[in-house]
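Structure at a glance
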Amino acid sequence: MINSKFRMHKIASLIITVLIISSIYACTGSNSDNNNEAETPISFYFGADLSYVNEMEDCGAIYKNRAGNVQDTYAIFKNEGANLVRLRLWHNPTWTNYSNLQDVKKSIQRAKNQGMHILLDFHYSDTWTDPSKQQIPAAWINQIDNTEALGNLLYNYTYNTLLELSNEGLSPNIVQVGNEINPMILQDGDLVWPIDWARNSHLINKGIEAVRTIAEDKNETIEVMLHIAQPENGLWWFEQATQNGVTDFDWIGLSYYPIWSDYSLNEVQTPLTTLINTYNKKLMIVETAYPFTMDNADSANNILGNDALVDGYPASQQGQLDYLNQLKLVIENAGGQGLVYWEPAWVSTDCSTLWAQGSHWDNATLFDNNNQANLGIQFYNASLND
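None of the values given here were measured: they were computed from a predicted structure.

**Topic: the environment of Asn97**
Inspection of the secondary structure assignment puts Asn97 in the loop between strand S2 (84–89) and helix H5 (101–113). For the pair Asn97 and Glu55, spaced 42 residues apart in sequence, the C-alpha to C-alpha distance is 8.5 Å.

Structure below.
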C-alpha cells in the first residue's frame, strides 16, 4: 500500500512538472514572432556590410566558399562565423533599384534565414551620405528650413519603416540614425558649418525617438547607434552632441580606415578607449576594409591604393587577415564590442556604378578575383570560439 501511494505521488509530481514546463514554453512561445528576443545575445559582433550583394548577384556574380563550391552568399559568411549583417537604406533612390526598402527587406530576410543579427543604416537621403554630403531626400526639401516639420517627417519615416519591417518579422537589432553624420544632417548641396546644434540635435533626437517608440509599441529590443567617420571626429562630435542634448543612444559607431584617419593602427586604441569611458556607451567599428592585392580587376579604379597600406601588413590575403585580426584585438582591448567589414562582396561584374563599369572595391573584398572566398574571410572564424 505504501509503495502504491508512493507511485501515485510520483506520477502526480511528474504531471505537475510537465504542466509547469508546458506553461513556461507557452509563455515563451507567445513571443515567437519577436525575432530579436529569440536570438542569442552576442558579446562581440563580427559583421559584414552586404548591401551590394543582391545587385551583384543580379549582375551575374556567383560566390564560392573557401572550398571553391558555389554557395549562398549569406551562408558563406554565416558558416565562416559572421553574426551581423549591416544594410544601408536610402529614402527614394530613383537612380537605382537597390538599397530601397523592398531590397532591404529581401536582404534582412536572407540574413535572418541564417540566424544573423541586423544593423540597419538609415542614410536619410536618396543617395550616399558621408562627411562630405548629407543631401536631404527630394521629398522633404520644401521643409528644409522648418525644423519642426522636418523633424516630424524624419520621425514618421523612421517609425513607419520600422513598423512595416516589424509587421513582416524583419525588425533590425540595431538602427543607425544617419550615416557618417559628421556634418549636420538633412542639408542641400554644399555643407553648412559650423553645425547648427539646435536644428541638428532636434532632428537626430526625433530619429532616436522613433526607434524607441516603435520598439516599445512592438515590445522589441532595438538599439540605437550614432555613426561618425574616423575616431578623431568622434571625439569632438560626441562631445558637442551630448552637450546639446543628444544622449539617448546605445552605440557609438565609427568608420575606421587608416588611410583617412589621424590615428594609425598602433594608435587607434586610445581614442576608442576615450570614447567608451567618457560616454559609457557600447562601441563598434562599423566600416573598415583592407586590400588583399593592388591589382585592378576592371576599369573602375580601386579606391584603396598603395597609400592605404599599413606597415607590416602587405597587400596580400594574409596581410588582409592580419589587419582584421589586429584591429579586432585593438577594439576588444579598448572595450569595444564589434567590427564590421564594409562591402566584402562588392566584386567586379559587368554592371556599372555611378562612376564606372565594375567595382571600385574589387581589391579589398573578402573574395579573390574568381569570386572565391579568400584568406581574409577567416577573420570571422574567431566568433565561433567566443
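So much for the structure itself; the text now carries on.
**Quick word on helix H10 (residues 317–334)**
An α-helix turns once per 3.6 residues; consequently, residues spaced three or four apart project the same way. An ideal rise of 1.5 Å per residue puts 26 Å on 18 residues; H10 measures up with 26 Å between its terminal C-alpha atoms. Gly319, Gln320, Leu321, Tyr323, Leu324, Leu327, Lys328, Val330, Ile331 and Ala334 are the residues of H10 that are buried. Each element contacted by the buried residues of H10 is listed here: strand S1 (45–49), helix H9 (269–279), strand S7 (282–287) and strand S8 (338–341). Gly335 sits one or two residues past H10 and shows a positive phi near 100 degrees.

**Overview of the side chain of Glu55**
With respect to the element layout, Glu55 can be found in helix H3 (residues 53–58). Salt bridges are absent for the buried Glu55, whose nearest opposite-charge side chain, Arg88, sits at 5.6 Å. What Glu55 contacts, discounting residues up to four positions off in sequence, is Tyr98 and Ser352.

**Digging into the side chain of Ser171**
Position of Ser171 among the secondary structure elements: in the loop between helix H6 (147–167) and strand S4 (174–177). Side chain to side chain, Ser171 and Glu220 meet in a polar contact 2.5 Å long.

**Observations concerning the packing of H5 against H6**
Close contact between H5 and H6 brings their axes to 12 Å; oriented N to C, the two are set at 40 degrees. Considered as vectors, H5 and H6 are oriented oblique to each other. Crossing handedness for the pair H5 and H6: right-handed. Residue-level inspection shows Leu101, Gln102, Lys105 and Ile108 of H5 in contact with H6, the latter providing Thr161, Glu164 and Leu165. Here the contact of H5 with H6 is composed, by residue class, of three nonpolar, two polar and two charged.

**Comments concerning the state of the cysteines**
All chains considered together, the criterion is met by one disulfide. Across the disulfide from Cys59 sits Cys351; the S-S distance is 2.0 Å. With the S-S bond torsion at -110 degrees, the cross-link from Cys59 to Cys351 turns out left-handed. Taken together, the residues span a long stretch of sequence, with Cys59 in the loop between H3 and helix H4 (73–80) and Cys351 in the segment after S8 at a distance of 292 residues.

**A word on unusual backbone geometry**
Here the bond from Trp193 into Pro194 is cis, since omega is -5 degrees, no more than 30 degrees from zero. With respect to the helices and strands, the residue Pro194 is situated in the loop between S4 and helix H7 (197–217). The phi dihedral of Ser99 is positive, around 60 degrees, even though this residue is not glycine. In this structure, Ser99 sits in the loop between S2 and H5.

**Let's talk about the confidence of the model for the chain**
Looking at the chain as a whole, the pLDDT averages 91, with 89% of positions reaching at least 70. Low confidence marks residues 1–38, where pLDDT is under 50. Its contacts with residues over four positions away, or in another chain, come to 16 contacts.

**A short note on a nonpolar patch on the surface**
Taken together, the side chains of Trp95, Leu354 and Trp355 present a nonpolar region at the surface, about 360 Å² in accessible area. You can see Trp355 is positioned in the segment after S8. On the basis of relative accessibility, which here comes to 55%, the residue Trp355 falls in the exposed class.

**What to know about the pattern of salt bridges**
Enumeration over the complete set of coordinates arrives at 15 salt bridges. In this structure, Arg110 and Glu57 form a salt bridge, with 2.8 Å as the shortest nitrogen-oxygen distance. With a gap of 53 residues between them, Arg110 in helix H5 and Glu57 in helix H3 connect regions that are remote in the sequence. In this structure Arg110 comes out as buried when scored by relative accessible area, which is 14%. The shortest N-O distance in the salt bridge between Glu164 and Lys105 comes to 2.4 Å. Here Glu164 is found in helix H6, whereas its partner Lys105 is found in helix H5, with 59 residues between them in sequence. Residue class for Glu164 comes out partly exposed when judged on its relative accessible area of 31%. When salt bridges with common partners are traced through the structure, they connect Asp49, Arg86, Asp121 and Glu287 into a single cluster.

What counts, and at which threshold
Residues numbered from 1 in each chain as written. Predicted model: local features only at pLDDT ≥ 70, side-chain atom pairs only at ≥ 80, totals over all residues. Heavy atoms only, no water. Helix = DSSP H or I, 4+ residues; strand = E, 2+ residues; numbered from the N terminus. Expected span 1.5 Å × (residues − 1). Buried < 20%, exposed > 50% of the residue type's maximum accessible area, 1.4 Å probe, protein only. Contact = heavy atoms within 4.5 Å. Lys, Arg positive; Asp, Glu negative; His and termini not counted. Salt bridge = Lys/Arg side-chain N within 4 Å of Asp/Glu carboxyl O. Polar contact = N/O pair within 3.5 Å; in protein donor to acceptor, adjacent residues only side chain to side chain. Axes fitted to C-alpha atoms, helices over the stretch in contact; angles between N-to-C directions. Parallel < 35°, antiparallel > 145°, perpendicular 65-115°, else oblique. Left-handed = near helix turned anticlockwise from the far one by under 90°. Nonpolar A, V, L, I, M, F, W, Y, C, P; charged D, E, K, R; others polar. Disulfide = S-S within 2.5 Å. pLDDT = per-residue confidence, 0-100. Patch = residues over 30% accessible without salt bridge, like charges linked within 9 Å, V, L, I, M, F, W, Y side chains within 5 Å. Areas by Shrake-Rupley, 256 points an atom, 1.4 Å probe, with all protein chains shown as cover.

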